[in-house]
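Each chain is listed here by its residues.
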Amino acid sequence: QVQLVESGGGLVQAGGSLRLSCAASGSIFRINAMGWYRQAPGKHREFVARITSDGRTDYADSVKGRFTISRDIAKNEVFLQMTNLKPEDTAVYYCNAAIQKTMIQPPYDDWGQGTQVTVSS
């Protein structure tokens, strides 16, 4: 059983900052890419940021220059530092990880339960 647990969400004023964390635990051989997605009310879940096992990063255009993704590979953790937050960043943020449970099994996508981020104007 693998678990992804997010933390760090909350309420912040526009222009403020938050740092999200996600820790993966359980039967894990290796984690390839880890990332963050978000879903605002009435909208589809959308990509926010991703980081590969060799440190390459990718961001949605809407967050470039404001959000920074990082990870601690040894601890199976991923972080999202969010600065200059805007009301349109309000959403439930989900952690995503491409997890390999054994050496011979292919990786599969796993998701956390989500953490709410609310940005007031």
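What this report covers is the structure whose coordinates are included nearby.

**Section: the pattern of salt bridges**
In step 1: Following the criterion strictly, the structure yields six salt bridges and no others.
In step 2: In this structure, R38 engages E46 in a salt bridge whose closest nitrogen and oxygen atoms are separated by 2.6 Å.
In step 3: Relative accessible area serves as the criterion here: at 5%, R38 is assigned to the buried category.
In step 4: The class for E46 is partly exposed, based on a relative accessible area of 36%.
In step 5: Two residues, D89 and R66, come together in a salt bridge whose shortest N-O distance is 2.7 Å.

**Describing the nonpolar core**
In step 1: Core analysis: the biggest nonpolar cluster contains 30 residues, and W36, L80, M82 and Y93 have the highest contact counts within it.
In step 2: Only β1 (2-7), β3 (18-26), β4 (30-39), β5 (46-51), β7 (67-72), β8 (77-82), β9 (91-100) and β11 (115-120) provide two or more residues apiece to this core.
In step 3: A total of five residues in this core trace back to one element, the largest contributor, which is β9.

**Regarding the packing of aromatic side chains**
In step 1: As enumerated under the stated definition, the model contains two aromatic pairs in all.
In step 2: Look at Y37 and F47: their rings are 5.6 Å apart centre to centre, the planes differ by 75°, and that puts the pair in the edge-to-face class. Here the residue Y37 occupies a position in strand β4, and F47 occupies one in strand β5, the gap between them amounting to ten residues.
In step 3: Taking the centre distance of 5.0 Å and the plane angle of 65° together, the rings of Y37 and W111 count as edge-to-face. One end of the pair, Y37, is in strand β4; the other, W111, is in strand β10 (residues 108-111), with 74 residues separating them in the sequence.
In step 4: Across from the ring centre of F79, 4.2 Å away, lies the NZ or CZ of R19, which sits over that ring.

**So, a nonpolar patch on the surface**
In step 1: Together, F29, M103 and I104 make up an exposed nonpolar region whose accessible area comes to about 380 Å².
In step 2: Along the chain, the position of M103 falls in the loop between β9 and β10.

**Overview of the state of the cysteines**
In step 1: Here the structure, examined in full by the defined rule, presents one disulfide.
In step 2: The residue that forms a disulfide with C22 is C95, at a sulfur-sulfur distance of 2.1 Å. The sign of the -80° torsion about the S-S bond sets the C22-C95 disulfide as left-handed. Remark: C95 occurs in strand β9 and C22 occurs in strand β3; sequence separation between them is 73 residues. Pair check on accessibility: C22 and C95 agree, each one buried.

**Observations concerning unusual backbone geometry**
In step 1: The phi angle at N76 is positive, at roughly 55°, despite the residue not being glycine.
In step 2: Structurally, N76 is set in the loop between β7 and β8.
In step 3: For N76, a relative accessible area of 21% puts it in the partly exposed group.
In step 4: Positioned with a positive phi, N84 is a non-glycine residue whose angle comes to about 45°.
In step 5: Inspection of the secondary structure puts N84 in the loop between β8 and β9.

What counts as what
- Residues numbered from 1 in each chain as written.
- Predicted model: local features only at pLDDT ≥ 70, side-chain atom pairs only at ≥ 80, totals over all residues.
- Heavy atoms only, no water.
- Salt bridge = Lys/Arg side-chain N within 4 Å of Asp/Glu carboxyl O.
- Buried < 20%, exposed > 50% of the residue type's maximum accessible area, 1.4 Å probe, protein only.
- Core = buried A, V, L, I, M, F, W, Y, C linked by side-chain atoms within 4.5 Å.
- Helix = DSSP H or I, 4+ residues; strand = E, 2+ residues; numbered from the N terminus.
- Phe/Tyr/Trp six-rings, centres within 6.5 Å; stacked < 30°, edge-to-face > 60°.
- Lys NZ or Arg CZ within 6 Å of the ring centre and 35° of its normal.
- Patch = residues over 30% accessible without salt bridge, like charges linked within 9 Å, V, L, I, M, F, W, Y side chains within 5 Å.
- Areas by Shrake-Rupley, 256 points an atom, 1.4 Å probe, with all protein chains shown as cover.
- Disulfide = S-S within 2.5 Å.

Just distances and angles here, no functional claims.
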